[in-house]
Amino acid sequence: MTRRTLRLAALLGSTGLIGGAFFAQAAASPLKASPAHDQRHVLLISVDGLHQTDLEWYVAQHPKSTLAQLVHGGAEYTHASTTNPSDSFPGMVAQVTGGGPGTTGVYYDDTWNDKLLPAGTTNCKGAKPGVEIDFTEDLDKNQASIDAGQGLKNLPGSILQMTGAPQKLLNPAKLPVDPQTCKPVYPHSYLQTNTIFEVAKKAGLRTAWSDKHAAYDILNGPSGTGIDDLFTPEINSDALGYAAGDDWTKDNKATEQYDTYKVQAVLNEIDGYNHQRTDRVGTPAIFGMNFQAVSTAEKLPSSDGLQGGYVSKNVPGPLLAKNLDFVDAQLGRLTAELRERHLDRSTTIILSAKHGQSPSDPKALNRIDDGPLLDGLNAAWAKAHPGAGALVAHAVDDDAVLLWLNDHSQAAADFAKNYLLAQSGTGTDIDKAAKPFTHSGLTKVYAGAEAAQFFGVKKGDARVPDVFGVAQYGVVYTGGTGKVAEHGGGHADDLNVPLVISGANVPDQVIDNAPVQTKQIAPTILALLGLDPADLTAVHKEGTQVLPVR
């Protein structure tokens with residue numbers, strides 16, 4: 001592939017957009033004239049769990065695939081990084097806001113907030129603040145149902161008839177409460193910055209998105225109305241046609257089936273309908289979806305008679321290879337429909353991932369039960385501080401450690417840090433054999449002021465974790481043996497995701513090896529639509545740049 005010098009849009013802020021155009025370009029690489037913004041479209045695709053190495057492997061193995069066509073027909077950023085922590089929630093939020101966790105206030109889908117009140121609080125005067133912020137499937141009115149409690153009948157045929165207003169699918173009794181208003185805080189209200197969907201809506205453009213939980217209402221932005229058509233079938237509901245209690249992630253074939261519902265929703269939107277295909281509303285300016293099948297293929301030890309994960313470092317096993325084929329085929333359906341509807345020349349496709357997963361080397365896997373570690377920490381604190389109660393208010397440990405403490409002093413954070421770094425024990429590898437670990441499986445721990453500084457916020461921020469631990473490569477915190485990979489950490493396997501921009505207004509066969517971040521997707525989408533990326537508050541605060549094409 002050739003290399004060209006071309007830059008998508010100027011830096012924002014005081015400089016603005018060069019000449020009011022959304023491309024600043026070298027004369028040697030002219031771009032085709034763009035249509036008016038109301039005729040442009042951006043299709044954003046997140047293949048959750050996909051690594052840049054997976055993309056490179058697949059394109060090399062399948063040079064005529066849809067993924068290869070997207071790569072060769074656009075700009076590929078080979079050193080793109082998602083958020084740290086590399087969780088689905090901050091990863092997706094970054095792509096539509098332009099900001100990292102410290103700016104958006106979104107560190108994970110399950111966190112803690114020191115200022116909000118517990119769910120169900122009705123008498124807010126004198127109520128004690130401090131509450132778990134659980135923006136997962138737990139918020140659904142009915143988690144067991146793929147419609148999250150809407151009450152649809154004759155599933156799966158009516159899945160696409162789910163409401164496009166997921167706020168109606170959330171149980172307000174499970175939401176944290178604002179002490180000022182004494183009302184529940186919905187996910188969209190929790191977000192501290194606006195989104196590309198809100199900016200587009202203000203410009204009179206239509207927006208749509210499909211994701212895995214009703215709590216992705218957060219992508220609506222603080223207005224609560226950024227997305228015209230938000231389709232959120234519940235991935236952790238009981239999978240139709242499978243044993244009761246088994247959700248769509250327990251069997252990889254079920255995950256593929258689940259993903260096809262969202263693909264059909266996007267196909268309907270390409271055709272100019274809403275996701276239900278009941279009303280003709282026009283193809284959205286911004287729309288897209290996330291795929292889950294690659295993620296479960298990386299996590300599951302086996303499924304459908306196929307080995308999950310990797311057979312060696314960065315070499316997909318048979319289940320993962322099958323799912324890369326699946327995603328490629330579904331992308332082929334989407335691109336074919338764009339051509340069929342003559343939208344290929346006005347649509348830019350952005351392919352990335354909310355997160356990667358670790359480890360991609362099966363020999364490195366070390367499963368550590370975090371329960372005894374946290375119990376031991378609380379016991380050690382109680383012994384050192386009789387009557388003080390438990391130290392840990394809330395913990396999230398996938399392949400990183402995030403702790404929110406009841407005591408926010410630097411001394412308490414240092415106590416937790418020192419305790420964790422002093423622990424050793426035995427985990428299990430992929431063959432369930434004993435595998436020793438030291439330092440609680442951590443390589444680095446940020447405590448108190450260090451953690452706040454890491455995330456770019458002031459110490460005492462109501463949302464920032466008191467302790468953030470970076471795990472040793474290969475460590476997955478779990479008490480079982482049902483997974484061989486996880487996300488949330490800060491290793492290359494967690495962070496280094498694909499980023500490809502292909503289609504309308506993008507030159508082909510461009511490779512950019514410079515480091516970029518997935519939060520740059522947000523201002524880039526606005527620039528592609530002829531809108532001002534500086535209208536994003538996170539872009540203004542962090543100085544997030546539009547992606548270059550070189």
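Here, every reference points to the structure presented above.
### Describing the pattern of salt bridges
- Applying the stated rule across the entire model yields 14 salt bridges.
- Here R277 ties to D271 by a salt bridge, and the two come within 2.9 Å at their closest N and O atoms.
- One connected set of salt bridges, linked through shared partners, spans D271, R277, E337 and R341.

### Some words on the state of the cysteines
- With the rule as written, the count across this model stands at one disulfide.
- Disulfide pairing is shown between C124 and C182; the S-S distance is 1.9 Å. Taking the sign of the S-S torsion, about 85 degrees here, the bridge from C124 to C182 comes out right-handed. Placement of C124 in the loop between strand 5 (110–113) and strand 6 (131–134) and of C182 in the loop between strand 6 and helix 5 (187–190) is noted, with a sequence separation of 58 residues between them.
- For C124, a relative accessible area of 14% corresponds to the buried category.
- Judged by relative accessible area, C182 falls into the partly exposed class, the value being 27%.

### Brief notes about the sheet that holds strand 17 (residues 400–405)
- Sheet architecture is open: four strands sit in the order 16-17-21-20, paired in antiparallel fashion. Either end of the sheet is taken by a strand with one partner, and the two such strands are strand 16 (392–397) and strand 20 (442–447). Across the sheet, the mean angle from the axis of one strand to that of its neighbour is 15 degrees, orientation sign disregarded.
- Pairing analysis gives four bridges linking strand 17 to strand 21 (residues 467–471), with the strands arranged antiparallel.

### Quick word on the nonpolar core
- Among the nonpolar cores identified, the biggest contains 66 residues, and I196, L219, I350 and I525 are the most heavily contacted of them.
- Element by element, the count of residues in this core is highest for helix 14 (residues 521–528), at five residues.

### Focus: the environment of A265
- Mapping A265 onto the fold places it in helix 7 (residues 252–270).
- Sequence separation of A265 and G100 is 165 residues, and the distance between their C-alpha atoms is 29 Å.
- Apart from residues no more than four positions distant in its own chain, A265 is found in contact with L160, S210, F231 and H275.

### Topic: the packing of helix 7 against helix 9 (residues 318–340)
- Between helix 7 and helix 9, whose axes approach to 10 Å, the crossing angle comes to 10 degrees. In terms of their interaxial angle, helix 7 and helix 9 are classed as roughly parallel. Helix 7 and helix 9 meet at a crossing whose hand is right-handed. Seen from helix 7, the contacting residues are N252, E256, D259, T260, V263, Q264, V266, L267 and I270; seen from helix 9, they are L319, K322, N323, F326, Q330, R333, L334, E337 and L338.
- Grouping the amino acids of the contact of helix 7 with helix 9 by side-chain chemistry returns eight nonpolar, five polar and five charged.

What counts and what doesn't
- Residues numbered from 1 in each chain as written.
- Predicted model: local features only at pLDDT ≥ 70, side-chain atom pairs only at ≥ 80, totals over all residues.
- Heavy atoms only, no water.
- Salt bridge = Lys/Arg side-chain N within 4 Å of Asp/Glu carboxyl O.
- Disulfide = S-S within 2.5 Å.
- Helix = DSSP H or I, 4+ residues; strand = E, 2+ residues; numbered from the N terminus.
- Buried < 20%, exposed > 50% of the residue type's maximum accessible area, 1.4 Å probe, protein only.
- Pairing = 2+ DSSP bridges.
- Axes fitted to C-alpha atoms, helices over the stretch in contact; angles between N-to-C directions.
- Core = buried A, V, L, I, M, F, W, Y, C linked by side-chain atoms within 4.5 Å.
- Contact = heavy atoms within 4.5 Å.
- Parallel < 35°, antiparallel > 145°, perpendicular 65-115°, else oblique.
- Left-handed = near helix turned anticlockwise from the far one by under 90°.
- Nonpolar A, V, L, I, M, F, W, Y, C, P; charged D, E, K, R; others polar.

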